[in-house]
Amino acid sequence: MNQIKLFIELTRLKKPIGYMLLFWPCAWGLTLAYDFYLSWNNYFFYLILFFLGSVLMRSAGCIVNDILDREFDAKVFRTKDRPIASGKISVKLAIFYSTTLCLLAFIVLINFNLFTIILALGSMPLAFTYPLMKRFTYWPQLFLGITFNYGLILGWTAVKGQIDIIPVLFYLGAIFWTLGYDTIYGFQDIKDDEIIGLKSTSIKFKGNAKKFLFLCYSILLVLFFIGGYLIEFKSIYYFLSILPLMHLFLYQMRVFNLTDPFSCLKAFKSNNVFGLIIFINILISKNF
């Protein structure tokens, strides 16, 4: 039972925000591409596959992240008690766990078409090198955005079997979404990160944090509007977009206080609601 508890702690399974932020772009891409005049059965089947893949890959990614960051985690107050940093789980056992999760994710992946499988496998280097980026650049959040939103492309290709400009625009917009929310998340550890020499957009833009967030979220919405125009969504799409706009600018940016870790976490977690709102918007717009 103790090992099970440690495994759950290691993979952050009790913190669903991580795998939900990975899942929502998959759901967006799938919904954008799917022809709802056909049976909904395949849609729900793919949606379940993407959800399982998100949970498995996020869990594996957490383990790899903790292996690579174990020395840094031990020096940060919020992360010092993580299983690998604290020595409760060995690196060898952690590698075994991560490999097993990746194999399970591969079993999920082979249910898709060949093009999607190849694209997904091509993203693996990005997924497992992201934790290293904060050692070398102030833009690790950009690499996270490229990695975490890759599922949007996969959701589209799972249906269409090819890439189009529409998912690319939504993908670029989602990258700016991640740039924003992970910058907020980074403010929780900014003092420790500066002491031990790690880099982030939180540190780079700490004097202009809200301006940076405003820019990221503005670009996100503009790209989503252009994507909606190209896919020929009706006016209901733009009307419903008032909700995510209000969420980002009237709620999230007001809740966010860079000197208060609790408010940073609250604002960060609220992005799960944003992901759900966008998903419902696209689903309604596709069926209206």
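Cut-offs applied
Residues numbered from 1 in each chain as written. Predicted model: local features only at pLDDT ≥ 70, side-chain atom pairs only at ≥ 80, totals over all residues. Heavy atoms only, no water. Buried < 20%, exposed > 50% of the residue type's maximum accessible area, 1.4 Å probe, protein only. Helix = DSSP H or I, 4+ residues; strand = E, 2+ residues; numbered from the N terminus. Arc of directions from axis to C-beta. Contact = heavy atoms within 4.5 Å. 1 Å grid on protein atoms, 1.4 Å probe; cavity = no way out; pocket = protein on both sides within 12 Å on 5 of 7 lines; lining within 4 Å. Points joined across faces, edges and corners; volume = space filled by probe spheres on them. Nonpolar A, V, L, I, M, F, W, Y, C, P; charged D, E, K, R; others polar. Core = buried A, V, L, I, M, F, W, Y, C linked by side-chain atoms within 4.5 Å. Lys, Arg positive; Asp, Glu negative; His and termini not counted. Salt bridge = Lys/Arg side-chain N within 4 Å of Asp/Glu carboxyl O. Polar contact = N/O pair within 3.5 Å; in protein donor to acceptor, adjacent residues only side chain to side chain. Patch = residues over 30% accessible without salt bridge, like charges linked within 9 Å, V, L, I, M, F, W, Y side chains within 5 Å. Areas by Shrake-Rupley, 256 points an atom, 1.4 Å probe, with all protein chains shown as cover. Axes fitted to C-alpha atoms, helices over the stretch in contact; angles between N-to-C directions. Parallel < 35°, antiparallel > 145°, perpendicular 65-115°, else oblique. Left-handed = near helix turned anticlockwise from the far one by under 90°. Phe/Tyr/Trp six-rings, centres within 6.5 Å; stacked < 30°, edge-to-face > 60°. Lys NZ or Arg CZ within 6 Å of the ring centre and 35° of its normal.

Along helix H16 (residues 261-269), the positions that sit buried rather than exposed are Ser263, Cys264, Ala267 and Phe268. On an axial view of H16, the arc spanned by its buried residues comes to 135°, and they lie on one face. The inward-facing, buried residues of H16 abut helix H2 (17-33), helix H10 (165-186), helix H15 (242-255) and helix H17 (271-287).

A full pass over the atoms with the stated rule returns one cavity of 30 Å³ or more. In this structure, the largest cavity occupies an estimated 50 Å³ of space. Lining the largest cavity are Leu221, Phe224, Phe225, Tyr237, Ser241, Pro244, Ile278, Asn281 and Ile282. Sorting the residues of the lining of the largest cavity by element identifies helix H13 (209-230) and H17 as the ones contributing at least two each. Across the lining of the largest cavity, the residue classes break down as seven nonpolar, two polar and no charged.

To continue, consider the nonpolar core. The biggest cluster of nonpolar side chains holds 80 residues, and the ones touching the most others in it are Trp28, Phe50, Trp177, Ile184, Tyr217 and Phe256. The biggest single contributor to this core is H2, with 13 residues. Excluding its chain neighbours within four sequence positions, the residues that come into contact with Trp28 are Leu152, Ala174, Trp177, Phe224, Phe274, Gly275, Ile278, Phe279 and Ile282.

Another point: the side chain of Arg58. Inspection of the secondary structure puts Arg58 in helix H3 (residues 41-68). For Arg58, which is buried and forms no salt bridge, the nearest opposite charge comes from Asp66, at a distance of 9.4 Å. At a separation of 2.9 Å, a polar atom in the side chain of Arg58 contacts the main-chain carbonyl oxygen of Arg12. Not counting residues up to four positions away in its chain, the partners in contact with Arg58 are Thr11, Arg12, Lys15, Gly18, Tyr19 and Leu22.

So, on to the pattern of salt bridges. Taken as a whole and judged by the stated rule, the model has eight salt bridges. The shortest N-O distance in the salt bridge between Asp69 and Lys134 comes to 2.7 Å. Of this pair, Asp69 sits in the loop between H3 and helix H4 (70-73) while Lys134 is found in the loop between helix H7 (124-129) and helix H8 (140-148), placing the two residues 65 residues apart along the sequence. Sharing partners across several salt bridges, the network here consists of Arg12, Asp66, Asp73 and Arg82.

With respect to the secondary-structure elements, Ser200 resides in the loop between helix H11 (190-196) and helix H12 (201-204). Its relative accessible area of 5% is what places Ser200 among the buried residues. At a separation of 3.2 Å, a polar atom in the side chain of Ser200 contacts the main-chain amide nitrogen of Ile203. The residues touching Ser200, leaving out its near neighbours within four places in the chain, are Thr137, Tyr138, Pro140 and Gln141.

Judged by side-chain polarity, Ile165, Val222, Ile226, Tyr229, Leu230 and Tyr238 come together as a nonpolar surface patch covering roughly 560 Å² of accessible area. Broken down by element, the nonpolar patch gets its largest block of residues, four residues, from H13. What makes Tyr238 partly exposed here is its relative accessible area of 31%.

Take the packing of H3 against helix H5 (residues 91-109) next. At a minimum axis separation of 9 Å, H3 and H5 run at an interaxial angle of 160°. When the axes of H3 and H5 are compared, the pair comes out roughly antiparallel. In this structure, H3 meets H5 at a crossing whose hand is left-handed. Contact with H3, carried on its side by Leu49, Leu52, Gly53, Leu56, Met57, Ser59, Ala60, Ile63, Val64 and Ile67, involves Val91, Ala94, Ile95, Tyr97, Ser98, Leu101, Cys102, Leu104, Ala105 and Val108 of H5 and no other residues of that element. Looking at the contact of H3 with H5 residue by residue, the class counts come to 17 nonpolar, three polar and no charged.

Along the chain, Asn208 turns up in the loop between H12 and H13. Among the residues examined, Asn208 registers a relative accessible area of 41% and is labelled partly exposed. With 133 residues separating them along the chain, Asn208 and Lys75 place their C-alpha atoms 27 Å apart.

Right, let's talk about the packing of aromatic side chains for a bit. Across all of its chains, the model carries 33 aromatic pairs by this definition. Relative to Trp40, the ring of Phe36 lies with its centre 4.7 Å away and its plane at 50°, an arrangement referred to as tilted. Here Trp40 falls in the partly exposed class, since its relative accessible area comes to 33%. Members of the aromatic cluster, connected to one another through ring pairs, are Trp28, Phe170, Trp177, Tyr181, Tyr185, Phe224, Phe268 and Phe274. It is Lys160 that lies over the ring of Trp156; its NZ or CZ is 5.6 Å from the centre. The ring centre of Tyr138 lies 5.8 Å from the NZ or CZ of Lys199, which sits over that ring.

So, to be careful, I would describe these as geometric facts and stop short of saying anything about function.
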